[in-house]
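# Descriptive analysis of the structure
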Amino acid sequence: VFLNTAEMSALVGYTWIKLSNASASASFDGVSYGLNAEVPLKHFFENLPDIRVGGGGMLYHKANDAQVFGAHFGFRYDFKL
């Protein structure tokens, strides 16, 4: 928790990527990494349920000639079954 407001997390994994078109294809694999951050809206508005606004990004492949990365943004709601 960052200053009791934001939750930060580090993402680490393994990625296998295959890219192809009509004339060529290439495969890459290796370690992927990124960062994620979430802010609980309940911190600012006490009457709301546990909804969090979050986003982050991952770097899946990095080389001298190419980079493959992704980013996301969204809402998270924790509920109990």
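Okay, so let's go over this structure. (Residues numbered from 1 in each chain as written. Predicted model: local features only at pLDDT ≥ 70, side-chain atom pairs only at ≥ 80, totals over all residues. Heavy atoms only, no water.)

### Quick word on the overall build of the chain
Each helix and strand in the chain was counted, giving 0 helices and 4 strands. Along the chain, helices (α) and strands (β) appear in the sequence β-β-β-β when read from the amino end. The C-alpha atoms of the chain give 18 Å as radius of gyration, which overshoots the globular expectation for 81 residues (12 Å, by more than 25%). Across the chain, the fraction of contacts at a sequence separation of at least 24, relative to all contacts at a separation of at least 6, is 37%. Within the structure as shown, the chain displays about 6500 Å² of accessible surface, and the carbon and sulfur contribution to it stands at 60%. Here the chain contributes 6 positive and 7 negative side-chain charges, whose respective centroids are spaced 3 Å apart. (Helix = DSSP H or I, 4+ residues; strand = E, 2+ residues; numbered from the N terminus. Rg over C-alpha atoms; globule rule 2.2 N^0.38 Å. Contact = heavy atoms within 4.5 Å. Areas by Shrake-Rupley, 256 points an atom, 1.4 Å probe, with all protein chains shown as cover. Lys, Arg positive; Asp, Glu negative; His and termini not counted. Charge placed at Lys NZ, Arg CZ, Asp CG, Glu CD.)

### Here we look at the packing of aromatic side chains
All told, the structure shown has 1 aromatic pair when counted by the stated rule. With centroids separated by 6.4 Å and ring planes inclined at 65°, the aromatic side chains of Phe73 and Phe75 adopt a geometry described as edge-to-face. Among the residues examined, Phe73 registers a relative accessible area of 65% and is labelled exposed. On the accessibility criterion, Phe75 (64% relative accessible area) is exposed. (Phe/Tyr/Trp six-rings, centres within 6.5 Å; stacked < 30°, edge-to-face > 60°. Buried < 20%, exposed > 50% of the residue type's maximum accessible area, 1.4 Å probe, protein only.)

### Observations regarding a nonpolar patch on the surface
The grouping of Val12, Val31 and Tyr33 at the surface amounts to a nonpolar patch, some 340 Å² of accessible area in total. In this structure, Val12 sits in strand β1 (residues 7-20). (Patch = residues over 30% accessible without salt bridge, like charges linked within 9 Å, V, L, I, M, F, W, Y side chains within 5 Å. Salt bridge = Lys/Arg side-chain N within 4 Å of Asp/Glu carboxyl O.)

### Considerations on the pairing of strand β3 (residues 51-62)
Of the pairings in the sheet, the one linking strand β2 (residues 25-40) to β3 comprises 8 bridges and is antiparallel in character. Each residue of the ladder has a partner; that of Ala37, found in β3, is Gly55. Relative to strand β4 (residues 67-77), β3 is paired through 11 bridges, and the arrangement is antiparallel. The partner of Gly55 across the bridge, within β4, is Phe73. (Pairing = 2+ DSSP bridges.)

### Quick look at the side chain of Arg52
With respect to the helices, strands and loops of the structure, Arg52 is situated in strand β3. Judged by its relative accessible area of 10%, Arg52 is buried. In this structure the side chain of Arg52 is engaged in a polar contact, spanning 2.5 Å, whose partner is the side chain of Glu7. Setting aside residues up to four positions removed in sequence, Arg52 forms contacts with Glu7, Glu38, Val39, Pro40, Leu41, Gly74, Phe75, Arg76 and Asp78. (Polar contact = N/O pair within 3.5 Å; in protein donor to acceptor, adjacent residues only side chain to side chain.)

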